[in-house]
Every structure is written in structure tokens, then in C-alpha cells.
Amino acid sequence: MLVGHKTYQRQSLFLVFFVCTLVATILMVRLGYLMLTKADYYGVKAKELHERERTIKAERGKILDRNGNVLAGNVSVSTISVIHSQVKEPEKVISVLSKELGMKEEELRKKVEKVSSREKIKSNVDKEISDRIRSYKLAGVTVDEDYKRYYEYGTLGSKVLGFTGGDNQGIIGLEVSYESLLKGLDGSILTMATAGGVEIRNGAEDRREPVAGWDLTTSLDLNVMEYATQVANTLLEQKQAKTVEIIIMNPQNGEIYAMVNAPEFDLNHPYELEPEAQTKSQKEKMEILNSRWRNLAVSDTYEPGSTFKVVTAAAALDLGVVKMTDTFSCPGYKIVEDQRIRCHKTTGHGAETFEQGIMNSCNPVFMEVGARVGTSHMFEKMKKFGILEKTGIDVPGEASTIMHKQENVGAVELATMSFGQSFQLSPIRMLTSISMIINGGEKIVPHFGMYAVSSDKKTMKKLSYSSSERVLEKSISEEIRKALQKVVTEGGGKKAGVEGYLVGGKTGTSQKLPRGNGKYIASCIGFSPVDNPQVIAMVRIDEPQGLYYGGVIAAPAISTLYTNILPYLLKE
């Protein structure tokens, strides 16, 4: 029995020894694995545990006009945060921040008492307020320098420039189009902290400096923008219109000097609503804001009316189906299939040449010319003049042309298309296509961005929009310019004339859908000088009250505009 008992004891001791050895071996293998193969991983984890990162915001690049005037700049602000583990007097922190930031104590209490490594209290705090908060020396409260976008001219060019959000990121307009250039690269501060998250006083600190964004120089001209805005606001008030849009551009290269969408909004307070809107739901408020921010010159579509006759004329002359001297007869209407489509002059223009038909903006003449062009060739030319595609302008939200499918176009549709009805396009599309027709036949891309310069001023990036594509022969472009000059000197666009300058142009009046609602859009496109156009402008008035003809209310606006800006733009 004794021998058996001793044998059992030896076996038990051996088993215990074996198990202990096995466990120790496994632990050593595991430790070796962690030390040899996971050292970097756990080294990083340990570093993260004992480091606290704070962001240093990069200054956003400025947006400048072509003469160096700052349209969108920055002011210094701060971001206020709390570090829960470092707060020693929570009630004092809540009381002080409530008083200085104008926030409710209940809202602040939730943030201050929240267990987190860092809780943001408020961004875009004015420097004066943040300096006062810093002077309290509240444990656990951090004041980090930041930048806030500031627009020197308030409402000027609001729907083109756009604005930034709470984190200084672009929301609409050029601010979002050129976000990658403007935003810069944030820096950071890494400070040593205990495992409990408390920053170690006098601990080692790693700092990565921020890199400011690139400054963007645009084709906009502050002087032209201010005057165009004045003209648009006057029209808006005098005609009690829904909106007024003005675009002023160089037809040779697509550089836009001004784009006005009246009424504009305050870029420094883009979310402000009228008192009566405060009772609306959040969804309704956003719908109001989105409508207010919408760049109608780019994102809206409309029936161009008689301004489109320039395109029809170019197509017909290019195909050789009409000459300026061809004669027509206008009895005041034209029968197309079973429809009687009238001219704006119901008594008719009588006998007239094609050139006179352009000057008189005669619908029957253009219906006849459209029929000569034919559906397939009309679509072919519209495509060539860019009508069926977007312009590629460098702001977001450009609208596409709303056009009949070619296979669905019959004689009636072709007739109405020929004088600018039954389809819709954007104002910038219409102006760009006419620019290509009158500039000698060269394709252009309308744009604002010209070049960007890095924050250290060492690198410049030129923005290119050049195109060598020809859309029309120079001789035909010249013929059309001369005819459009006569529209202003002798025809329906007389009120667009400017003393001392040769101006060509075309007016348009279109009825909004549904027909018969009494709502119209009046427009006029004018360019100068006629022999070598350097400036082209469009005025579009949506739902004017009283007189609504383009030749009566939009043409005089072109004259007023050009009287003041042509001496400035053409001074060289």
C-alpha cells in the first residue's frame, strides 16, 4: 500500500510539474511573439494612450477678384472645448461658459459632465470672447485658435462665391468648387498625458504646423460686380420682379466679370431667416434657404424666346440654306400643319429680307428658315453650338438643357424651336452659345477661376479652359454680328444702344408655363465692340409686373449697364 501511495504522489507531482512547465512555455512563446512581432503595434498603442492630439486649423485660402481685391477672407476665432478628466470646478466652468458664450446651463452641463477625451463646446467664437475665457484660467477648458470665413462685401456675388460651414468647409459656389485648393492642411499638437487622460505639465510636445490653403484669383471684377448689382436691384424694385439675373463675360475666352442673382443673401449670415419664417418646420426652413442660395443664372432653365433666333440664324447661314438678302413675307402668322402660329406683330411685317427678319424678330421668317434647316441639321447645329450639353462652368449645380427627343420633333415642334419656344436651357448656356457665334466661331468655357497661388507664394497653378474647336466660320460670325448691330441701331433692340460705342444685341420675351398664366421672362443679350467683341452681357427679368417685353425693359438695362462699364472695361 505504501509503495502504491508513493507512486501516486510521484505521478501527481510530475503532472503538476508538466502543467506548470507547459503553461510557462506557452506564456514565454506568447511573450516572445508579442515582443518580437507585435512590438511596433503595441508601441503605437502605448503612445496613443499617453498622447493627446489637438488640431491646429489651417487658414483657408482667400478668394480674390482679378485686381487683387479680397472677396472672401478670414478672421481669427477660437474653438472652446473641455477635457473631462482635467475639470476641477465643473460648476464654475458651466457658469462662466454660459455667461460668455450665451449658452444654456443645461446644455453646457451635458457637455461638461460627459466622459470623453475632449468635448467641443462651441466653434467660431470671437477673439474678444475667447480671450476673456482664457483669462479665467479654468482647469480643463481649452481655447484653440481657429479661422472663420469673412466676406468683406456682404451680399455681393453671394450665389457665386458661396460660403463655408462650421468646420470651414465649402458649402456652395466657388467655395465648394475649389475646396481642395482653398482648404489647406490642418496641423496638430501632441501632448503627453497620463493613462487617466490628464495632460502632463511640462511634458514633451510634438507639433505639426498647419499649411494654409491656396489663394484663388478669379475673373470677377469688383467694380463691375458692384455696378451690375446696383442695376439688378433697381430692376427688381422698379419692376417688382421675382428675380433679376445679370451675367457679364468676355466672349473671347469665357472669363466672367460679374454674375448677379438678385435678390442676393448675406454671406456672413447665410442661415438667417425672416421673423415670419421662424415658425416653420426645419424642413420648410431648409427649403427656403436652398431656394435663396440657388444660383439661377446657372441652375435655372427657361424658354429663351427670341434670343435663340441667333442660333437658328447661325445654323441656317452655316448650312447655306439662307442668305441675308433672301426675301420673305410676314402676314402676321404662319400655318404649320393644323396650327396657326402668330408673329408678335399680329398685323404682320409684310415683305422683308432675312436681315430685316432678324432686326424685326419676325417669327414667321424664322419658322420658314427653321423648316429649311430641317430637324436633323437643327439638332446637329445645336450640338455644335453647345446647346445640348452643359457649359462646364466651374460652379456646381449647372442645369441641363431640356429638349425634345429628335425623333419626336415634327413640323410644329421645329417651328416653335426655331424662335426659342417649347424647350428650356440655362441663362449661362444661352449666353455662352451666342458668345461662340459672335466671337469668330471659337468654342469657349465660361469660368471664374484663373489661377491659384500657394500659401508660401512659391508656386502658381494656372487654371486652363482653352479650346481650339471651331463651331462657325469667321465670315458667318461677322455677318451675324452686323445683323445684330442693326437690331440695336434700327430694330427691336434700339433701347440697348450706348452713345460712342457700337453695340450688337438681341432681345427676348417668353411666356412661362403653363401658357396663359400672365407670367413672362424678359431678356436681352448685348455685346461690344461689334467688330471684335470683348464684352457680352445678359439681363434676365423673371415675372416683371406691368410691361414685360425684352425690348422695352431688358434692353434699357443693357444700355445703362454698358454706359458705365464699357469705358472701364474697354479703356485699354
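Everything numeric here is computed off the predicted structure, so don't read it as measured data.

What counts, and where the lines are drawn
- Residues numbered from 1 in each chain as written.
- Predicted model: local features only at pLDDT ≥ 70, side-chain atom pairs only at ≥ 80, totals over all residues.
- Heavy atoms only, no water.
- Buried < 20%, exposed > 50% of the residue type's maximum accessible area, 1.4 Å probe, protein only.
- Helix = DSSP H or I, 4+ residues; strand = E, 2+ residues; numbered from the N terminus.
- Pairing = 2+ DSSP bridges.
- Core = buried A, V, L, I, M, F, W, Y, C linked by side-chain atoms within 4.5 Å.
- Contact = heavy atoms within 4.5 Å.
- Axes fitted to C-alpha atoms, helices over the stretch in contact; angles between N-to-C directions.
- Phe/Tyr/Trp six-rings, centres within 6.5 Å; stacked < 30°, edge-to-face > 60°.
- Lys NZ or Arg CZ within 6 Å of the ring centre and 35° of its normal.

Trainee: What am I meant to see in the pairing of strand 3 (residues 70-82) here?
Mentor: For a regular strand, the rule is simple: side chains alternate between the two faces of the sheet. With 10 of 13 residues buried, strand 3 is to be regarded as a mostly interior element. Sheet topology places strand 2 (residues 63-64) next to strand 3; two bridges connect them, and they run antiparallel. Bridge pairing in strand 3 links Leu 64 to Val 70. Hairpin geometry of strand 2 and strand 3 is characterised by an intervening segment of five residues between the two adjacent antiparallel strands and by a positive phi of about 90 degrees at Gly 68. Inspection of the sheet shows strand 3 paired to strand 4 (residues 119-126) by five bridges, in the antiparallel sense.

Trainee: Help me out: how do you make sense of the environment of Asn 295 in this one?
Mentor: As for its placement among the helices and strands, Asn 295 is situated in the loop between helix 10 (282-293) and helix 11 (296-299). Exposure remark for Asn 295: the relative accessible area of 6% places this residue in the buried category. Considered as a pair, Asn 295 and Gly 157 are 138 residues apart in the sequence and their alpha carbons are 9.9 Å apart.

Trainee: Honestly, the nonpolar core in this entry has me stumped. Any pointers?
Mentor: For soluble globular proteins, nonpolar side chains are generally found buried alongside one another. Residues Ile 246, Ile 248, Met 259, Phe 354 and Ile 480 are the most contacted members of the largest nonpolar core, which totals 123 residues. Every residue in contact with Ile 246, bar those within four places of it in the chain, is listed here: Ala 228, Val 231, Ala 232, Ala 258, Met 259, Val 260, Met 538, Val 539 and Leu 561. Core analysis: the second largest hydrophobic core is formed by 17 residues, Ile 80, Val 87, Leu 108 and Leu 138 among them.

Trainee: Hey, could you run me through the sheet that holds strand 19 (residues 535-542) in this one?
Mentor: The pairing of strands in a sheet happens through backbone hydrogen bonds and is either parallel or antiparallel. With antiparallel pairing, five strands are arranged side by side in an open sheet as 10-9-19-18-17. Unpaired on one side and paired on the other, strand 10 (256-262) and strand 17 (504-511) mark the two borders of the sheet. Averaged over all pairs of adjacent strands, the angle between their axes in this sheet comes to 5 degrees, without regard to strand direction. The sheet contacts of helix 9 (residues 222-238) involve strand 9 (243-249), strand 10 and strand 19, and relative to strand 10 the element is tilted by about 25 degrees. Against the sheet, helix 19 (residues 550-569) engages strand 9, strand 10, strand 17, strand 18 (520-528) and strand 19, with an angle of about 145 degrees to strand 19.

Trainee: What is the right way to read the packing of aromatic side chains from this model?
Mentor: Centre distance and the angle of the planes are the two values used to describe a pair of aromatic rings. Scanning all chains against the criterion turns up nine aromatic pairs. Plain terms: the ring middles of Tyr 271 and Trp 293 are 5.3 Å apart, the flat faces sit at 90 degrees to each other, and that makes the pair edge-to-face. Within this pair, whereas Tyr 271 is found in the loop between strand 10 and helix 10, its partner Trp 293 is found in helix 10, the two being separated by 22 residues in sequence. Between the aromatic rings of Tyr 520 and Tyr 548, the centroid separation amounts to 3.7 Å while the plane-to-plane angle is 5 degrees, which identifies the pairing as stacked. Taken as a pair, Tyr 520 in strand 18 and Tyr 548 in the loop between strand 19 and helix 19 lie far apart in primary sequence, 28 residues in all. Taking the relative accessible area as the measure of exposure, Tyr 520 reaches 18% and is therefore buried. Its relative accessible area of 22% is what places Tyr 548 among the partly exposed residues. Members of the aromatic cluster, each reached through a chain of ring pairs, are Phe 163, Phe 265, Tyr 271 and Trp 293. The residue whose ring lies beneath Lys 461 is Trp 214, and the NZ or CZ to ring-centre distance is 5.2 Å. The aromatic ring of Tyr 568 is capped on one face by Lys 571, whose charged end is 4.1 Å from the ring centroid.

Purely spatial values, then, with no claim about function.
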